[in-house]
Amino acid sequence: MTTLWAPWRINYVGKTLKQKGCLLCKFAKEKRPNKKNLVFLTSKLSFSVLNKFPYNNGHVMICPRRHIKNLSQLAKNEILDLIELLIKTQKLLDTSLSAQGYNIGINIGRVAGAGIENHLHIHLVPRWKGDTNFMPIIAKTKVISQSLEELFKKLKKLSKNAQENK
């Protein structure tokens, strides 16, 4: 495999590995969008955050505020709130990125691919025709075309505008 050097990521990776406690619970304490954590949309019981290790541009996680591990632990009002926020988040991504499709999924447990295995979250990954190009296939390297900071600013602005136009 060819190596793509990204030395600017070491500060984040180092901090993440040293953190104690649940990362998503720390984000859940935010009542409003937060540039530092990339939480760009919140509701009473859930929040949407840009994934700092995205599979694709615009990869978002929609998370309940409450620290739970499985879907069966969600109360009915939490299920409704989580799905409503998923829909709002997808609409924001539609507006900002013009995605042609989405992968939506939940990984429960480390063996299922959960990077954060003890706090339930839904992955929302925008997709475009041709987004699997020669780089991942030949070079085993994924290219993300937009910075997290730029996308965060765009989504925060769109979510604010959506709230004002209710």
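Below: a short report on this structure. (Residues numbered from 1 in each chain as written. Predicted model: local features only at pLDDT ≥ 70, side-chain atom pairs only at ≥ 80, totals over all residues. Heavy atoms only, no water.)

Counting its regular elements, the protein contains five helices and five strands. From first element to last, N terminus to C terminus, the protein shows the α and β order α-α-β-β-β-α-β-β-α-α. A total of 166 residues make up the protein; the buried ones form 36% of that total. Contacts in the protein between residues far apart in sequence, at least 24 positions, make up 62% of those at least 6 positions apart. For the protein, the exposed area adds up to about 10400 Å²; of that, 57% sits on carbon and sulfur atoms. (Helix = DSSP H or I, 4+ residues; strand = E, 2+ residues; numbered from the N terminus. Buried < 20%, exposed > 50% of the residue type's maximum accessible area, 1.4 Å probe, protein only. Contact = heavy atoms within 4.5 Å. Areas by Shrake-Rupley, 256 points an atom, 1.4 Å probe, with all protein chains shown as cover.)

We now examine the state of the cysteines. Scanning the entire structure with this criterion turns up zero disulfides. This cysteine, C22, is not joined by any disulfide, and C25 carries the nearest cysteine sulfur, 3.7 Å off. Judged by relative accessible area, C25 falls into the partly exposed class, the value being 22%. (Disulfide = S-S within 2.5 Å.)

Moving on: the sheet that holds strand 3 (residues 60-64). The pairing of strands in a sheet comes from backbone hydrogen bonds and takes either a parallel or an antiparallel form. In space, the five strands of this open sheet follow the order 1-2-3-5-4, with antiparallel pairing throughout. The outermost strands of the open sheet, each flanked by one partner alone, are strand 1 (39-42) and strand 4 (101-105). The average undirected angle you get between the axes of adjacent strands in this sheet is 20°. Direction of pairing for strand 2 (residues 46-50) relative to strand 3: antiparallel, over a ladder of five bridges. Residue pairing across strands places S48 opposite I62, the latter belonging to strand 3. (Pairing = 2+ DSSP bridges. Axes fitted to C-alpha atoms, helices over the stretch in contact; angles between N-to-C directions.)

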